[in-house]
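The residues making up each chain are set out below.
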Amino acid sequence: MEFLLVVVVKIVIILAFISLGVAYLTYLERKVIGHMQVRLGPMRVGWHGLLQPIADGLKLVIKEDIIPTQSDKLMFILAPVICFLHAFLVYTFIPFDGPKGFWGYGGYISDVNVGLLFIVAIASVGVVGIILGGWASNSKYPLLGSLRSVAQLVSYEVAMGLAIMGPILLAGSLSMVDIVKAQEKMGVWFFVPQIVAFIIYFICGVAETNRAPFDLPEAESELVGGYHTEYSGFRFALYFLAEYANMITVSAIAATVFLGGWLMPFPSILGPYLSFIPGFVWFALKVFFFLFVYLWIRATFPRYRFDQLMAIGWKILLPLAIANLLVTSFIILYLKM
Amino acid sequence: MAEIIFWSLSVIAVIFAFMVILSKSPVRSAISLIGVLLAFAGLYLILDSEFIAGIQILIYIGGITVLYMFVISMMRFKKINIETQFTKQWLVAIVSALAFLAEVVYFALKGKEFFKVGNHSKLVTANGLGTIENVGKVLYGKYVLPFEIATVLLLAAIIGTVLLAKREKEKM
Amino acid sequence: MRMKELVSKVLFVDLIKGLSVTFKSMVSHAVTEQYPKERSKIYERFRGEPRMAVDENGKTKCIACNLCAMNCPVGCITVEAERDPETKKRVLTRYVFDMQRCLFCGFCEEICPVNCIQLTTDYEMSQYDRKDFVLELNELEKGMEKIKYKK
Amino acid sequence: MDEVKNINKTNFAEEFVDATEELVLNMGPQHPSTHGVLRVILKLHHEKVVDLDCDIGYLHRGVEKISETLSYKLAAPYMDRLDYISAVSNNLAYIETIEKLAGVEVPKKAQYIRVILTELARISSHLLWLATHALDIGAMTVFLYCFREREEILNIFEMVTGARLTTNAFRIGGLPQDVPEGFEKAVKDFCEILPGRISEYEALLTKNRIWLARTKNVGVISPEDAIAIGLTGPSLRGSGVKWDLRKAHPYESYNEFEFDIPTGENGDTYDRYLVRLEEMRQARRIILQAIDGIPEGDFTAKVPKVLKPPKGEVYHSIEAPKGELGFYVISDGSTKPYRVKIKGPSFYNLQALKKMCLGHYVADVVAIIGTLDIVLGEIDR
């Protein structure tokens with residue numbers, strides 16, 4: 001019984017934290033990109049616009065909910081929900097802290113022996129929501145957007161999956177917790193021996209979450225809004241939140257698999273001074289770093305064209321990922337022999 | 001507990017399966033198919049086969065069904081509606097469906113004698129049949145030849161598809 | 001040369017150059033003016049809200065010569081006048097300025113022989129109602145009623 | 001919609017091909033990157049453009065007809081609103097045409113100030129072009145950087161002419177008034193910061209692999225085609241044709257300044273981008289020469305209050321930021337023109353859209369509309 005209670009409390013805490021994180025990620029994005037563009041970003045609601053995400057959320061909720069008459073209504077309603085659900089479901093498997101974290105209760109909801117596989121699998125279902133939304137709108141721009149997004153997500157998933165294989169081989173496990181433990185044991189985070197996989201993973205992650213410079217499915221200068229052109233109000237908010245939740249997911253996976261999750265950097269040097277900081281703070285810092293790079297990239301780069309995007313995915317990233325996998329496995333085999 | 005989950009998942013799977021063949025719009029069929037596949041993934045989880053469940057979701061839903069939907073929405077299929085649901089082959093379809101049903105019922109009743117399920121279920125509880133290690137060992141140990149043959153088959157299919165797609169492009 | 005290009009491509013030199021520009025901008029000072037709180041400098045010649053000048057007695061300077069109405073490309077000025085029977089001078093009876101049509105070209109200001117109509121540096125001219133844009137002489141002398149931003 | 005009826009007649013395979021063949025997509029008139037109310041009807045095969053048609057006229061105001069009902073002087077503010085991004089250039093073209101018609105000689109000082117203002121307008125127009133073009137391709141930061149610099153130019157316009165956008169800067173015979181104090185300093189300050197800022201854009205775009213991928217070999221047009229279609233301005237020079245009215249038919253003492261005409265090689269979007277960037281630098285060069293050499297004298301010539309040009313007709317064109325902007329005015333000897341015809345560069349440049357777009361992707365259509373630098377106010381007039 002106590003086990004169940006602990007899990008429920010953890011779910012509530014993590015859900016609340018992630019929801020808040022997603023809301024304030026939009027704030028962070030507007031502030032960071034604003035300052036990069038020599039603007040200020042939101043300043044009016046609250047001190048330096050700190051209440052802006054809440055105001056935005058309220059605005060979206062009370063806005064008129066429009067369902068196009070020519071749409072497939074059930075699917076139109078279902079699509080953002082699918083997207084949203086899968087974006088948040090993933091956090092079941094992400095370790096925010098070690099087994100001793102969260103004051104002894106374990107810093108994760110569940111540790112499955114194929115956790116990473118589940119994360120990738122669940123995240124891949126989210127695309128169903130996107131294509132469904134594009135199709136159900138029965139409009140041309142959303143259709144083009146959803147077609148783009150499917151082609152993009154399916155092709156980048158392959159390279160992404162192969163890129164994560166490298167660290168998995170090093171760790172010898174698909175469990176997120178074991179991967180971090182392996183990094184602890186090895187003494188060096190996996191982004192050092194797996195630098196190629198790390199870069200591939202990050203590029204694919206940007207593409208997977210439809211962020212610039214791979215934000216073709218929702219490229220506003222070409223497809224107006226892509227798959228969510230016809231969505232408004234709360235349903236749009238669901239898509240919006242799902243996108244940002246996905247960003248956090250991808251960053252969390254990167255932080256766990258490549259940057260040692262909840263581990264402290266340079267434990268031999270910093271260990272005596274900073275050991276009072278709980279693991280999830282380090283984890284949050286690492287996630288924050290990735291999110292910042294996301295925003296930084298968005299503020300800087302132009303957008304790729306669709307065919308170029310596919311070419312990069314299939315002709316550069318995929319062969320590189322396979323080569324990386326082969327080299328890694330040969331080295332492991334050699335070391336074992 | 002496991003029984004309740006098993007039966008509810010089975011019922012869900014059957015209901016969704018009916019929706020796959022009965023719904024008017026192909027996209028709804030595809031969505032129902034996702035429901036079926038998710039229920040299957042749940043069934044695999046009861047059998048302690050997490051790896052198979054994950055792969056089920058990743059490949060079948062994240063890959064194949066999404067590609068179905070890709071094709072469907074590209075063809076703007078919506079215009080073909082229920083009229084085409086019953087084609088001239090209905091007689092053949094019913095006969096083959098009945099035959100298949102009879103087969104399923106027969107094996108469900110007599111299956112134990114053929115397959116000796118008892119031995120396998122022991123293996124499941126002992127080693128975890130669905131874990132990656134076991135799957136890998138079986139796939140690359142005992143069944144390496146069929147596995148390799150299957151890969152060659154898939155390769156042939158890929159090359160064939162590329163050829164077909166290329167020819168169409170030249171025609172344009 | 002070819003090798004150098006390849007190396008710089010693999011090391012993302014071109015992308016890092018761009019990233020450094022945005023990062024530098026992030027830590028530099030923003031150029032935003034927070035409008036209702038801060039106001040940008042308006043130059044003297046700015047052509048904004050129209051005003052009619054008055055003399056020291058508080059009477060209008062307008063001599064009803066009609067030059068401004070004739071020099072308006074859109075015809076947004078209407079001047080009505082009648083002759084005073086005693087002094088035989090034209091006296092202004094009504095002056096209407098339709099701000100909805102105004103181009104703010106400044107021809108009226110330029111042509112006015114007594115510097116009566118002027119385009120001031122006031123630029124906040126929004127109204128809720130279209131009829132509030134049609135200004136009569138007294139409104140032109142005082143300046144139009146402003147909708148204040150409240151917060 | 002014929003496909004719907006034909007389903008029963010044709011077999012499945014044919015229907016499959018039919019449905020995937022073409023998709024008619026309406027881009028605009030309300031679309032974020034058609035630069036105004038341009039409507040482009042695209043026929044797509046997947047995402048490739050098979051056919052394209054432009055639908056214009058959503059912003060038609062009848063400027064040419066209105067000018068016939070107004071006296072020569074009063075039509076000038078309307079010309080601000082043609083190419084509202086570089087209002088000063090339009091003003092110059094119209095005023096010069098009238099001056100040519102009426103035979104007015106403009107004092108040197110006014111000419112120099114006119115040159116400074118029009119070159120500033122050229123920079124501002126190119127900045128806005130770069131901003132929106134980069135935004136169309138997805139580089140959103142360049143947009144705001146360019147607006148930061150454009151703000152400085154608009155401040156100078158406000159200081160000199162009294163308005164930021166619809167400047168109504170010039171009068172027949174010269175300027176409405178002398179330049180204010182601090183003008184020289186403001187212009188020089190701006191010229192000081194400009195090169196650094198341009199190199200900032202270059203760091204963000206010129207060598208960027210994504211920018212190169214998106215602009216190289218996109219929207220290629222050969223010099224022959226460009227001349228045949230009637231492209232002018234940077235769009236023409238991007239194809240390698242060295243044609244600039246400031247050199248070919250100098251007006252406003254442009255022959256007294258030293259500057260180069262940049263040209264491209266391949267005639268693609270990237271070359272036009274480089275040409276416009278270089279034009280900004282050259283415009284700065286002209287401004288610096290002009291601001292140092294402003295002669296003493298009157299700012300306006302003596303012009304009769306009621307202008308009655310002699311009977312006759314005149315065509316005069318200048319090198320506006322977007323290309324050759326020409327005015328054709330017929331006078332019947334009265335105070336109002338008999339006919340005013342405007343040759344706007346955007347209208348001619350838009351004609352190249354189809355030729356450039358066919359066979360490219362939807363995303364390229366956006367980039368090509370951007371690279372042509374059209375303004376709908378000038379196309380629809």
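Criteria and thresholds
- Residues numbered from 1 in each chain as written.
- Chains lettered and ligands numbered in written order.
- Predicted model: local features only at pLDDT ≥ 70, side-chain atom pairs only at ≥ 80, totals over all residues.
- Heavy atoms only, no water.
- Helix = DSSP H or I, 4+ residues; strand = E, 2+ residues; numbered from the N terminus.
- Rg over C-alpha atoms; globule rule 2.2 N^0.38 Å.
- Buried < 20%, exposed > 50% of the residue type's maximum accessible area, 1.4 Å probe, protein only.
- Contact = heavy atoms within 4.5 Å.
- Areas by Shrake-Rupley, 256 points an atom, 1.4 Å probe, with all protein chains shown as cover.
- Lys, Arg positive; Asp, Glu negative; His and termini not counted.
- Charge placed at Lys NZ, Arg CZ, Asp CG, Glu CD.
- Phe/Tyr/Trp six-rings, centres within 6.5 Å; stacked < 30°, edge-to-face > 60°.
- Lys NZ or Arg CZ within 6 Å of the ring centre and 35° of its normal.
- Pairing = 2+ DSSP bridges.
- Buried area = accessible area lost by both parts, 1.4 Å probe.
- Salt bridge = Lys/Arg side-chain N within 4 Å of Asp/Glu carboxyl O.
- Polar contact = N/O pair within 3.5 Å; in protein donor to acceptor, adjacent residues only side chain to side chain.
- Domains from an automatic or database assignment.
- Core = buried A, V, L, I, M, F, W, Y, C linked by side-chain atoms within 4.5 Å.
- Expected span 1.5 Å × (residues − 1).
- pLDDT = per-residue confidence, 0-100.

**Q** Outline the overall build of chain C, supporting the account with residue identities and numerical values.
**A** Looking only at helices and strands, chain C features five helices and five strands. For 151 residues, the compact-globule estimate of 2.2 N^0.38 gives 15 Å, and chain C exceeds it by more than 25% at 26 Å. Evaluated residue by residue, chain C yields a buried proportion of 37% over its 151 residues. Summarising the internal contacts of chain C: among those between residues at least 6 apart in sequence, 63% fall at separations of at least 24. When the accessible surface of chain C is split by element, carbon and sulfur atoms take 54% of a total near 10,100 Å². Distance from the positive charge centre (26 side chains) to the negative charge centre (23 side chains) of chain C: 8 Å.

**Q** Residues and numbers for the packing of aromatic side chains, please.
**A** A complete count under the given rule lists 33 aromatic pairs over all chains for this structure. Ring geometry for Y112(D) against F257(D): centres 5.1 Å apart, planes inclined by 70°, an arrangement best described as edge-to-face. You can see Y112(D) sitting in helix α6 (residues 108-137) and its partner F257(D) sitting in the loop between α12 (245-248) and α13 (269-292), a full 145 residues away along the chain. Just as Y112(D) is buried, F257(D) falls in that class too. Taken together, the aromatic side chains of F198(A), Y201(A), F202(A), F258(A), F289(A), F290(A) and Y294(A) make up a single cluster linked through ring pairs. Residue placement shows R114(D) over the ring face of F170(D); its charged tip is 5.2 Å from the ring centre. Here K343(D) stacks its cationic end above the ring of Y348(D), 4.0 Å away from the centre of that ring.

**Q** Any details on the pairing of strand β3 (residues 90-98) of chain C? Residues and values, ideally.
**A** All names here are of chain C. The pairing of strand β2 (residues 77-83) with β3 spans seven bridges and is antiparallel. When the bridges of β3 are listed, I77 appears paired with F97. Where β2 folds back on β3, the antiparallel hairpin that results is connected by six residues, among which K88 adopts a positive phi of roughly 60°. Relative to strand β5 (residues 134-135), β3 runs antiparallel, the two sharing two bridges. The residue of β5 that forms the bridge with F97 is L135.

**Q** Any details on the environment of I261(D)? Residues and values, ideally.
**A** Within the element layout of this structure, I261(D) appears in the loop between α12 and α13. Once you skip the residues sitting within four places of it in the chain, I261(D) turns out to touch R237(D), K242(D), D244(D) and K247(D).

**Q** So what's going on with the interface of chain D and chain A? Which residues, and what values?
**A** Buried accessible area, meaning the area lost when the parts come together, often serves as the stated size of an interface. Opposite the 35 residues of chain D that make contact, chain A presents 25 residues. Taken together, the two surfaces of chain D and chain A that pack against each other cover about 2,600 Å², and 61% of this comes from carbon and sulfur. Among the residues of chain D in contact with chain A, E47(D), M140(D) and I210(D) are the three that bury the most area, contributing 22% of the side total. Our count for the contact surface shared by chain D and chain A stands at one salt bridge. A salt bridge links R305(A) to D364(D); its shortest N-O distance comes to 2.9 Å. There are eight residue pairs in polar contact (both at pLDDT 80 or more) connecting chain D and chain A. The set of elements that each furnish at least two residues to the side of chain D that touches chain A consists of β1 (23-27), α6, α7 (140-161), α8 (183-205), α9 (209-215) and α16 (362-372) of chain D.

**Q** Requested: an account of the domain arrangement of chain D, with residues and values cited.
**A** All names here are of chain D. You can read the domains of chain D as domain 1 (2-52) and domain 2 (53-380). If you look at the interface, domain 1 gives 19 residues, while domain 2 gives 23 residues. Approximately 2,000 Å² of surface area, both sides summed, lies buried where domain 1 meets domain 2, with 66% of it carried by carbon and sulfur atoms. Contact with domain 2 buries surface across domain 1, with H35, L38 and L52 losing the most and accounting together for 36% of the total. Summed over the shared surface of domain 1 and domain 2, the result is two salt bridges.

**Q** So, the nonpolar core: which residues are in play, and what are the values?
**A** Counting 130 residues, the largest nonpolar core has L116(A), V128(A) and Y201(A) as its most contacted members. Residue contacts for Y201(A): discarding those within four places in its chain leaves M160(A), A163(A), I164(A), V250(A), I253(A), A254(A) and F258(A). Grouped together as the second largest cluster of nonpolar side chains are 115 residues, I77(C), F97(C), L205(D) and A283(D) included.

**Q** Residues and numbers for helix α9 (residues 233-257) of chain A, please.
**A** For α9(A), with 25 residues, the first-to-last C-alpha span of 36 Å sits near the 36 Å given by 1.5 Å per residue. A large share of α9(A) lies buried, amounting to 20 of its 25 residues.

**Q** Residues and numbers for the sheet that holds β5(C), please.
**A** In spatial order, the strands read β2-β3-β5 (chain C); together these three strands make up an open sheet with antiparallel pairing. Two strands close off the open sheet at either side, each with one partner strand: β2 and β5 of chain C.

**Q** Lay out the pattern of salt bridges with the relevant residues and their values.
**A** All names here are of chain D. What the rule picks out here adds up to 45 salt bridges over all chains. Between E149 and R197 there is a salt bridge; the shortest N-O distance is 2.5 Å. Pair noted here: E149 is in helix α7 and R197 is in helix α8, with a separation of 48 residues, a long-range link. The exposure class assigned to E149 is buried, which follows from its relative accessible area of 0%. Three or more residues are tied together by salt bridges with common partners; here these are E119, R122, R237, D244, R246, E279 and E319.

**Q** Residue-level account of the confidence of the model for chain D, with values.
**A** Residue and element names in this part refer to chain D. Counting all residues, the mean pLDDT for chain D is 84, and 94% of those residues have values of 70 or more. Here residues 1-19 scores under 50 on pLDDT; set against residues more than four positions off or in separate chains, the count is 15 contacts. Reported confidence for the predicted complex is 0.80 by ipTM and 0.84 by pTM.

**Q** Can you break down unusual backbone geometry residue by residue, with the values?
**A** Note: most residues except glycine have negative phi, and most peptide bonds are trans. Look at S253(D): it is not a glycine, yet its phi comes out positive at around 50°. One can find S253(D) in the loop between α12 and α13.

**Q** How would you sum up the side chain of E208(A)? Please name residues and give values.
**A** Residue and element names in this part refer to chain A. By the element assignment, E208 lies in helix α7 (residues 195-208). One buried charge, E208, has no salt-bridge partner; the nearest side chain with opposite charge is R211, at 13 Å. In this structure, E208 is in contact with L153, Y156, E157 and M160, ignoring residues within four places of it in sequence.

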